[in-house]
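Here are the chains, one letter per residue:
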Amino acid sequence: NMLRIEEASSTLQNNPASLPNQINASAPMGVRNNNPGNLRTLGRQNTWQGQIGTENGFSIFDTPESGLRALGVNIISQQIKHNKNTIAEIIETYAPQSAHNDTANYTKEVAKALGVGINDPIETLDADTLGALMRIIIRCEVGLGTNKIDRYTDEQINNAVTSAIKYHQSRQ
């Protein structure tokens, strides 16, 4: 854990807000690792922007913002590259039962929070839809923070949404 503390100390200079997450061992892994979507490492050739390491196959990001951006990029990629257009399709890929997830319940919770059916098509390049989807995935993955409020600010989510959408638009 000493290495983690040294890494956190060097990170403090660039992003003071990330220090408590990296030191607090009781925080959920996704929070400690600035990976609120609990994204898995894709391999060396597909390293996420801002990814600085891994823990048990999950990416570690330099800042919460990098982790949030990666989550947005991942969600949009499922629709654009893999033709996943419904909550059921997205969550089955994102949190498969084969990875010990309760995919059916996860899917129902996400659809309910978005106010859509599990098989209704959604548009992930729509900023409001992507932001809402990211928020509920984050709640499912790492829970709420202190006082039962979201762990990430609207500004952080909105900036990640904008960055993820711009990334995909620049690649078309």
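1. Examining the overall build of the protein chain
- Scanning the protein chain for helices and strands turns up 8 helices and 2 strands.
- Helices and strands appear in the protein chain in the N-to-C order α-α-α-β-β-α-α-α-α-α.

2. Notes on the nonpolar core
- Within the largest apolar cluster, 33 residues are counted, with the highest numbers of intra-cluster contacts made by Leu71, Leu130, Leu133, Met134 and Ile137.
- When residues in this core are grouped by element, the largest group, 7 residues, is from helix H7 (residues 127-142).

3. Notes on helix H5 (residues 87-94)
- Three or more residues of H5 are buried, namely Ile87, Ala88, Ile90, Ile91 and Tyr94. Buried residues of H5 fall within an arc of 165 degrees about the axis and therefore sit on the same side.
- In this structure, the buried side of H5 is in contact with helix H4 (64-80), helix H6 (103-114) and H7.

4. Topic: the environment of Thr129
- Here Thr129 lies in helix H7.
- A relative accessible area of 22% places Thr129 in the partly exposed class.
- Each C-alpha atom of the pair Thr129 and Val161 lies 9.6 Å from the other, and the pair is 32 residues apart in sequence.
- In this structure Thr129 touches Ile122 and Glu123, once residues within four positions along its chain are discounted.

5. Regarding the pairing of strand S1 (residues 51-55)
- Note: S1 against strand S2 (residues 58-61), 4 bridges, orientation antiparallel. In the sheet register, Gly53 faces S2, and the bridge partner there is Ile60.

6. Things to note about the confidence of the model for the protein chain
- When pLDDT is averaged along the protein chain, the result is 84; 84% of the residues meet or exceed 70.
- Low confidence marks residues 1-23, where pLDDT is under 50. Its contacts with residues over four positions away, or in another chain, come to 27 contacts.

7. Let's talk about the packing of aromatic side chains
- Under the defined criterion, the tally for this structure stands at 0 aromatic pairs.
- If you follow Arg69 out to its NZ or CZ, it ends over the ring of Tyr167, 5.0 Å from the centre.

Rules behind the numbers
Residues numbered from 1 in each chain as written. Predicted model: local features only at pLDDT ≥ 70, side-chain atom pairs only at ≥ 80, totals over all residues. Heavy atoms only, no water. Helix = DSSP H or I, 4+ residues; strand = E, 2+ residues; numbered from the N terminus. Core = buried A, V, L, I, M, F, W, Y, C linked by side-chain atoms within 4.5 Å. Buried < 20%, exposed > 50% of the residue type's maximum accessible area, 1.4 Å probe, protein only. Arc of directions from axis to C-beta. Contact = heavy atoms within 4.5 Å. Pairing = 2+ DSSP bridges. pLDDT = per-residue confidence, 0-100. Phe/Tyr/Trp six-rings, centres within 6.5 Å; stacked < 30°, edge-to-face > 60°. Lys NZ or Arg CZ within 6 Å of the ring centre and 35° of its normal.

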